[in-house]
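# Close look at the chain arrangement
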Amino acid sequence: MSNPSVNVYLDKQEYGKDRVRLLKVHRDSKVHRVDDLTIRVLLSGASFTTSYTEASNKAVVATDSMKNTCYVLAKSSKVVDTLELFAAELGNHFVNTYAWVEGAHVTIIRHRWARMIIDGKPHTHSFWRDGDETRQTDLLVKRGSNGRRSIELKSAIAGLLVLKTTGSSFEDFVRDEYTTLPEAKDRILSTCVDANWEFNIPSVSTENLAATLAQIPFNNIYDSIRDVTCKTFAEDESASVQATLYKMAAQSIQNWKWLDRVSYALPNRHFFAVDLSYFRGTKNLAEHADVYQPLADPSGLITATIARAPGTSARL
Ligand SMILES: O=c1[nH]c(=O)c2[nH]c(=O)[nH]c2[nH]1
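Worth saying up front: this structure is predicted, and the values here are computed from it rather than measured.

### Describing the site of the ligand
The immediate surroundings of the ligand are formed by Phe170, Leu181, Arg187, Ser240, Val241, Gln242 and Asn268. For the ligand, a nitrogen atom lies 2.9 Å from a polar atom in the side chain of Gln242. Residue Asn268 places a side-chain N or O atom 3.2 Å away from a nitrogen atom belonging to the ligand. For the ligand, the protein covers 72% of the area, taking 300 Å² as the surface of the free molecule. Partitioning the shell around the ligand into residue classes produces three nonpolar, three polar and one charged.

Right under this line is the structure:
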């Protein structure tokens, strides 16, 4: 039984539509492009309190209308191919259209469609899914006083699965009575990269918001972070996932003045050489290894956020 003498209050709330699926086809040239998106829009503000506490829907913008708005804006938008700008268009729309909306939180996931290569040539209008990796953005636009807007913006790569067959070691770690792992001079390294980066965006007036965001080369930053991630993974003589992660993140902060913090979560997907000595003394361990058993579970998990030291500027 609940105790009615205990007072409670609505501490926080966000509501909206999740998993809005949308494909935008760009037919502006003979070479078509597609953006396959999953969108979440969540609204917040004190006016929504009564929908929870007093069953009043007077302030409630139906989540069905939010879904419709995603399609309407995708039709007119010129920036669907830049997730961050499209998220800002959507978020601003809700804050600008409904005076009582204090915050709009928009998350967009972009699913991959790679152009088909047919007879050695990129096809104009056929695509294939080259993996589960996604590009993502998460934007919170908040109404400030005097028509100002503050924006918290984070973008991400999720699910980029990579593997290398040499150039990775793991040695000199703690050895005690719990340790069975042998030192590895040369091992398989495989991870599924989750990376995210926070943009440093000043609070601006509503009129200046689009211009401020338009200065940031979001697509180039995404491409560059993906390239740095892959190049560092491939070329680093890795002493550990930790050391390789740090190099990846540091380089992107040094490259882009818009970024203050870059985070990675890297599972260490283990591949253990199979001991084949039971079969006619076959050598398959250490330097003889070429048959491995991928271990589904458990994996290591190495996470870190690397931040710009105050007062240091970027190369670009
Ligand atoms: O790169 C690694 N970091 C670790 O912390 C660790 N621990 C472990 O068992 N293997 C590895 N590999």
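Further notes follow.
### Brief notes about the packing of helix α5 (residues 218–235) against helix α6 (residues 241–255)
For the pair α5 and α6, the least separation of the axes is 9 Å and the interaxial angle reads 145°. Note on packing geometry: the crossing formed by α5 with α6 is right-handed. Along its contact with α5, which presents Ser224, Ile225, Val228, Thr229, Thr232 and Phe233, the element α6 presents Thr244, Lys247, Met248, Gln251, Ser252 and Asn255. A per-class count over the contact of α5 with α6 returns four nonpolar, seven polar and one charged.

### Some details on the UniProt feature "binding site: 5-hydroxyisourate" (unreviewed entry) in the protein chain
On the UniProt side, "binding site: 5-hydroxyisourate" (unreviewed entry) is annotated at positions that read Thr63, Asp64, Phe170, Arg187, Val241, Gln242 and Asn268 here. The largest pairwise C-alpha distance within this set of annotated residues, which runs over 206 residues, is 52.3 Å, so the set is dispersed in three dimensions. Locating Phe170 in the fold gives a position in the loop between β7 (148–164) and β8 (189–199). Its relative accessible area of 24% is what places Phe170 among the partly exposed residues. Excluding residues within four positions of it along the chain, Phe170 makes contact with Leu181, Glu183, Ala184, Arg187, Ala239 and Ser240. Position of Arg187 relative to the elements: it lies in the loop between β7 and β8. When neighbours within four sequence positions are excluded, Arg187 is seen to be in contact with Lys164, Thr165, Thr166, Ser168, Ser169, Phe170, Ser240, Val241 and Asn268.

### Remarks on a nonpolar patch on the surface
Taken together, Leu181, Phe272 and Leu295 make up a surface patch of nonpolar side chains, about 220 Å² in accessible area. Summarising the element assignment, Leu295 is placed in the loop between β12 (292–294) and β13 (300–307). Exposure remark for Leu295: the relative accessible area of 30% places this residue in the partly exposed category.

### Observations regarding α6
Here α6 spans 21 Å end to end across 15 residues, near enough to the 21 Å set by a 1.5 Å rise per residue. All of the buried residues along α6 are Val241, Thr244, Leu245, Met248, Ala249, Ala250, Ser252, Ile253 and Asn255. Those residues of α6 that are buried are in contact with β8, α5, β10 (259–268) and β13.

About the thresholds
- Sequence order as written defines the numbering, with residues in each chain counted from 1.
- In keeping with the predicted nature of the model, local features appear solely for residues at pLDDT of at least 70, side-chain atom pairs appear and are counted solely at 80 or more, and the whole-chain, interface and lining totals rest on all residues.
- Where side-chain values are given, they derive from all heavy atoms of the structure, hydrogens and water being excluded.
- Think of it this way: one heavy atom of a residue within 4 Å of a molecule or strand is enough to make that residue near it.
- N or O atoms closer than or at 3.5 Å make up a polar contact, with two conditions inside protein: a donor-capable atom paired with an acceptor-capable one, and, for residues adjacent in sequence, both atoms drawn from side chains.
- Surface accessibility in these figures is a Shrake-Rupley result with a 1.4 Å probe; residues are shielded only by whichever protein chains are displayed.
- Polar here means any residue outside two lists: the nonpolar Ala, Val, Leu, Ile, Met, Phe, Trp, Tyr, Cys and Pro, and the charged Asp, Glu, Lys and Arg; Gly therefore counts as polar.
- The convention used is that axes are lines fitted to C-alpha atoms, helices contributing only their stretch in contact, and that angles between N-to-C directions extend from 0 to 180 degrees.
- Think of it this way: any DSSP run of H or I at least four residues long counts as a helix, any run of E at least two long counts as a strand, and we number them from the N terminus.
- By the definition used in this description, the sense in which the near helix is turned from the far one sets the handedness, with an anticlockwise turn below a right angle giving left-handed and a clockwise turn giving right-handed.
- The contact definition used throughout considers only heavy atoms, calling two residues in contact when any of these lie within 4.5 Å.
- UniProt positions are given in the numbering used here, feature names are shortened, and annotations may be inferred rather than shown by experiment.
- Think of it in three bands: with a 1.4 Å probe and only protein chains considered, a residue is buried below 20% of the maximum accessible area for its type, exposed above 50%, and partly exposed in between.
- To count toward a patch, a residue needs a relative accessible area over 30% and no salt bridge; like charges are then connected within 9 Å, while nonpolar side chains (Val, Leu, Ile, Met, Phe, Trp, Tyr) are connected within 5 Å.
- Any carboxyl oxygen of Asp or Glu that lies within 4 Å of a side-chain nitrogen of Lys or Arg is treated as forming a salt bridge with it.
- Multiplying 1.5 Å by the residue count of a helix minus one yields the expected span of that helix.

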